[in-house]
Amino acid sequence: MLNTPFLLALLSLAVPAPTVAPQAEPKRENASADDASADVERIWNARNVEHLYNRAGFGARPAEVEYAQRQRPVAFVKQLLEGFAPTSDPLFIDIPAMPARRDFADRDEFEKEQNRFRAEERRVLTSFAGWWFDQMVEAKHPLQERMVIFWHGYFTSSTRDVKRTAAMIAQNELFRRHALGNFSELVHAIVRDPAMLEYLDNNENRRDRPNENLARELMELFTLGEGNYTEADIKEGARALTGWRTTDDKTGSYFQPRNHDAGVKTILGQTARFDAAGFVDLLLAQPACSRWVARKLIVHFEGVEPDEARLAEYASFLVDKRWEIKPLLTKLFLDPRFYRDAVRAERISSPVEYLVGATRRLGISVPPQILWLGAGQLGQRLFDPPSVKGWEGGEAWITTSTLLGRGNMAGMLIGVVKLEDVLREDPLEVEPEGEMMGGDMQEGGEMTDDPPSDARARDAKRAGKRKVDLGAEMSGLQRLTSAMYFPRINLTARMQRAKVAGDMQIVDTLADELLPVPLSEPSRAALLAFLRAERGALSLEDGRLLTAGVKSEDVLRRLAHLILSLPEAQLG
């Protein structure tokens, strides 16, 4: 029984959909914002509304789609950008104090305290991750949370390298404050962010011995993209970033003048005594920067590359709006090209989007830590991106293994798959751990041995993945599920409330409620065949399934499991 949905999904994916290549888009150089809004109003139907919910949030329930359809597009997009309800108060975090070796006469006692500290750090991170998933499922401000995830994958840091929960939580809160704010302000903040300084080794970036890691990623991944700078620019940029370092406990940052190179630097053809702020301003002034940021945002929300004219249009708009993100997203969501056929249902959902969306559409209450751990097992472990480049996304989200895992995870949420079928024995592949610094830290932050070369540290951040033991995550998921989770769902009552009874009505209604995109005819035929076979085994005529009590609920849950295992369920 367990393999049925997976075989169905795999058969449906036997011929992969063609990759959508960058294409010429309708030209709108002379069209005003009002014209674009009017165009969107003419196509403001259920399918396009759900498409917007999928991309700017975590999917929608039928009632939410109906609500949005009653609004004018301009008003609804404004609500998306402002939030639908006041967001929850930030989670109060009691950050554990990091033990210092000097406070312990006995080394064994120090090591015990270190182990206790690490366990407490994991508990705090798990609690915060659960709070974050709660915000996604509650969808009071879904676009804000989508942007927090976006910036987390854009300005990547990993708990495996930072090794301080407080710094990772502070960075998450930084992304939340600037989620829909000003990109310039966010970049200026990120080069002083403790987690980023630690992750990209800026503690080792000194006046007499520059470390290039932060400068390289700032130019390549955060602002300009490859081909828009030289190795000499990176070396000079690293000098500009000298002096910024973390406090000993990695929870704060400060500027240390004696370690800053205040000399003249030549970067991107400009010569001055650049410091960190001046370096960032110089990068923001480059035409390549607005193109880089605009492209990243368009591809994230649309899933396909923009053509040259559209990219130039959005890059120019971003500069005109002085790097404000809200106006750019308003323009995007009110752009008829956002709703074209090449965009709708052409983007593979990430594990987080898939699990949060399934939870919301099912209308179930799931301990949020289960969603966090489950997304990690499916390849998207928040707070631990696989490399400095974040998650690859797109088609990389789906493999035979992860497709099976998604179906199993959905089945566990519904209550038709056993926990032991969800947890796998094989460990995930994740970024190499390893210490990013050679030698031990002395009090005050000085090194006893030489740090590794820039190339070695950089390669470690960009390296291939490695196997790590996820036994703690598995046991945590098992404990949470066994002790705290029982799916509170009654699909029989849901169908009765919708006044449906026949096989076709049940399949169409349940698929409409659970899928982010329309059901294809081959999938519909397969679901109908399944339902007919199950009903026949119970000797029930078409239209009588809902009279079978417990057996009816069992069949409907397995039907829901099939639906959430379909290729359509992986799109959004």
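Before any of the text, the structure's been laid out above.
First, a word on scope: everything that follows refers to the structure included in this document.

Reading the values: rules and limits
- Residues numbered from 1 in each chain as written.
- Predicted model: local features only at pLDDT ≥ 70, side-chain atom pairs only at ≥ 80, totals over all residues.
- Heavy atoms only, no water.
- Phe/Tyr/Trp six-rings, centres within 6.5 Å; stacked < 30°, edge-to-face > 60°.
- Buried < 20%, exposed > 50% of the residue type's maximum accessible area, 1.4 Å probe, protein only.
- Lys NZ or Arg CZ within 6 Å of the ring centre and 35° of its normal.
- Helix = DSSP H or I, 4+ residues; strand = E, 2+ residues; numbered from the N terminus.
- Expected span 1.5 Å × (residues − 1).
- Arc of directions from axis to C-beta.
- Contact = heavy atoms within 4.5 Å.
- Polar contact = N/O pair within 3.5 Å; in protein donor to acceptor, adjacent residues only side chain to side chain.
- 1 Å grid on protein atoms, 1.4 Å probe; cavity = no way out; pocket = protein on both sides within 12 Å on 5 of 7 lines; lining within 4 Å.
- Points joined across faces, edges and corners; volume = space filled by probe spheres on them.

## Notes on the packing of aromatic side chains
- This structure, assessed with the given rule, holds 23 aromatic pairs.
- Measuring from centroid to centroid gives 5.0 Å for F338 and Y339, while their planes differ by 85°, and the two rings are edge-to-face. Each member of the pair F338 and Y339 is classed as buried.
- Ring pairs connect the aromatic residues F150, W151, Y154, F155, F175, F183, F222 and W323, which therefore count as one cluster.
- The ring of Y354 carries the charged tip of R406 above its face, separated from the ring centre by 5.2 Å.

## Points about helix α16 (residues 308–320)
- Taking 1.5 Å as the rise per residue, α16 with 13 residues should run 18 Å; its terminal C-alpha atoms sit 18 Å apart, in good agreement.
- Among all positions of α16, only R310, L311, Y314, A315 and L318 are buried. Each buried residue of α16 lies within a common arc of 130° when the element is viewed along its axis, so the set occupies one face.
- Where α16 is buried, its residues touch α15 (287–302) and α17 (325–333).
- Two to three positions downstream of the cap, the backbone nitrogen of A309 sits 3.3 Å from a side-chain oxygen, assigning the N-cap of α16 to D307.
- Looking one or two residues beyond α16, the residue adopting positive phi is R322, at roughly 55°.

## Section: empty space enclosed by the protein
- Going through the model one piece at a time under the given rule, you end up with 2 cavities of 30 Å³ or more.
- Considered as a void within the structure, the largest cavity measures approximately 140 Å³ in volume.
- Along the walls of the largest cavity sit 17 residues, with S349, E353, G357, R361 and P516 positioned nearest its centre.
- Examining the composition of the lining of the largest cavity, we find that 5 residues originate from one element, helix α18 (residues 351–362), more than from any other.

So far we have only geometry, and geometry alone does not tell us how the molecule works.
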